Amino acid sequence: MAKSQSRTIDLLGNDVEFEVRNSSEATKARIDVDIHGVTVVVPDSSEVRPSEVLRENAAWVIEKQRGFEQYREQIPSRTFEAGETFPLLGTERELIIEPARSHEITGASIRLRKSTVEQSTVKQVLENVYRRKAREHFSERADHYAERMGVEYEKIEIRNQRTKWGSCSTTGTISLNWRLMMAPPEVVDYIVVHELAHLREPNHSSEFWSLVAEYDPEYEAHSDWLTENSSRLVFSEDDL
């Protein structure tokens, strides 16, 4: 499925750049809009005109684009320099780079070992610290809730999913996004409970949500927090 050159179309007075992709798997034309732009996917050998598809759905396309523009504007501008603050479990902590034997996290700071930073980058070292802390914290919370919920998981995997906070495989592997470590503890717990609940209820049925509510009565508020604040958990442009 090859990408064509970008084209531009006027939709409701807005110049919109878009690309066209031919897909052997598509059965009908569709429009994909994400933070990277607009793409019209059309079936192979289709006589569908992408411009017509876009004009027929102009209001929807413009609304989606504006939503992603607002999302991008809310993303923190991180310079990854000493003195900047980064959230860890919902608490802003000052980034300090200093001669030390190891990295350290305190109630008010994230302290990175200077010699390690000099051999890499602040961004990479800081991400590694977050990932290590994530494995420790997620495993502790998963063990805590798995025992209470009467379920067993196979293992925890730390991921950097672009569009998911967590997932649960049929083999019992719980995958969690390390960037969740920037969210408040109760939001992390909600995702952990959500994924563990899939070990008993694979679908988002009423039984599933009842199970989630049993162990996180405020799950709706926690889910809403993620929806409203997900841009704050973007670590860098690489996450987009």
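The structure presented is a predicted model; accordingly, all values stated were derived computationally and were not measured.

Draft legend 1. Region of interest: the environment of Arg78. By the secondary structure assignment, Arg78 is in the loop between α2 (58–74) and β5 (85–88). Beyond its immediate stretch of four places on either side in the chain, Arg78 contacts Glu84, Thr85, Phe86, Pro87, Met182, Arg232, Val234 and Phe235. Of note is the side chain of Arg78, whose polar atom sits 3.3 Å from the backbone oxygen of Phe235.

Draft legend 2. Representation of the packing of helix α5 (residues 185–197) against helix α6 (residues 206–215) within the structure. One can describe the packing of α5 onto α6 by two numbers: an axis separation of 9 Å at closest approach and a directional angle of 140°. Comparing the axis directions of α5 and α6 gives the class oblique. When the axes of α5 and α6 are compared, the crossing they make is right-handed. When α5 is examined against α6, the residues Tyr190, Val193, His194 and Ala197 are found in contact with a partner set consisting of Phe208, Trp209, Leu211, Val212 and Tyr215. Of the residues assigned to the contact of α5 with α6, the class counts are 8 nonpolar, 1 polar and no charged.

Draft legend 3. Expanded view of the pattern of salt bridges. Counting across every chain of the model gives 10 salt bridges. Residues Arg49 and Glu52 are paired through a salt bridge, measuring 3.9 Å at the closest nitrogen-oxygen approach. Here Arg49 falls in the exposed class, since its relative accessible area comes to 56%. For Lys123, the salt bridge identified is with Glu127, shortest N-O distance 3.9 Å.

Draft legend 4. Quick peek at the packing of aromatic side chains. As enumerated under the stated definition, the model contains 9 aromatic pairs in all. Between Phe80 and Phe235, the ring centres sit 5.2 Å apart and the planes meet at 70°, which makes this aromatic pair edge-to-face. Within this pair, whereas Phe80 is found in the loop between α2 and β5, its partner Phe235 is found in the segment after α7 (219–229), the two being separated by 155 residues in sequence. Phe80 sits in the buried class, given a relative accessible area of 13%. In this structure Phe235 comes out as buried when scored by relative accessible area, which is 1%. Residues Phe208 and Trp209 carry aromatic rings whose centres are separated by 4.9 Å and whose planes lie at 80° to one another, so their mutual orientation is edge-to-face. The buried category is assigned to Phe208, whose relative accessible area is 0%. Through a chain of ring-to-ring contacts, the aromatic side chains of Phe80, Phe86, Tyr130, Trp178 and Phe235 assemble into a single cluster.

Draft legend 5. The sheet that holds strand β7 (residues 104–105), seen in detail. One open sheet holds the 4 strands; their spatial order is β5-β6-β8-β7, and the pairing between them is mixed. Every interior strand has two partners, whereas the edge strands, β5 and β7, have only one. Two elements, β5 and strand β6 (residues 91–98), share 4 bridges in a ladder whose sense is antiparallel. Across the sheet, the residue bridging to Phe86 is Arg93, located in β6. Sitting on the sheet, helix α4 (residues 122–149) touches β5, β6, β7 and β8 (109–113), and the angle it makes with β8 is about 120°.

Draft legend 6. Looking closely at the side chain of Ser109. Tracing the sequence through the fold places Ser109 in strand β8. A relative accessible area of 4% places Ser109 in the buried class. For Ser109, the side chain forms a polar contact with the side chain of Thr106, separated by 2.6 Å. Among the polar contacts listed, one links the side chain of Ser109 to the side chain of Arg111, at a separation of 3.2 Å. In this view, Ser109 contacts Arg93, Glu94, Ile96 and Glu104; residues no more than four positions away in its chain are not counted.

Draft legend 7. Structural context of the environment of Glu94. Topologically, Glu94 is positioned in strand β6. For Glu94, a relative accessible area of 37% translates into the label partly exposed. For Glu94 and Ser77, which are 17 residues apart along the polypeptide, the C-alpha to C-alpha distance reads 15 Å. Ignoring sequence-local partners within four residues, the contact set of Glu94 consists of Gly83, Glu84, Thr85, Ala108, Ser109 and Ile110.

Conventions used here
Residues numbered from 1 in each chain as written. Predicted model: local features only at pLDDT ≥ 70, side-chain atom pairs only at ≥ 80, totals over all residues. Heavy atoms only, no water. Helix = DSSP H or I, 4+ residues; strand = E, 2+ residues; numbered from the N terminus. Contact = heavy atoms within 4.5 Å. Polar contact = N/O pair within 3.5 Å; in protein donor to acceptor, adjacent residues only side chain to side chain. Axes fitted to C-alpha atoms, helices over the stretch in contact; angles between N-to-C directions. Parallel < 35°, antiparallel > 145°, perpendicular 65-115°, else oblique. Left-handed = near helix turned anticlockwise from the far one by under 90°. Nonpolar A, V, L, I, M, F, W, Y, C, P; charged D, E, K, R; others polar. Salt bridge = Lys/Arg side-chain N within 4 Å of Asp/Glu carboxyl O. Buried < 20%, exposed > 50% of the residue type's maximum accessible area, 1.4 Å probe, protein only. Phe/Tyr/Trp six-rings, centres within 6.5 Å; stacked < 30°, edge-to-face > 60°. Pairing = 2+ DSSP bridges.

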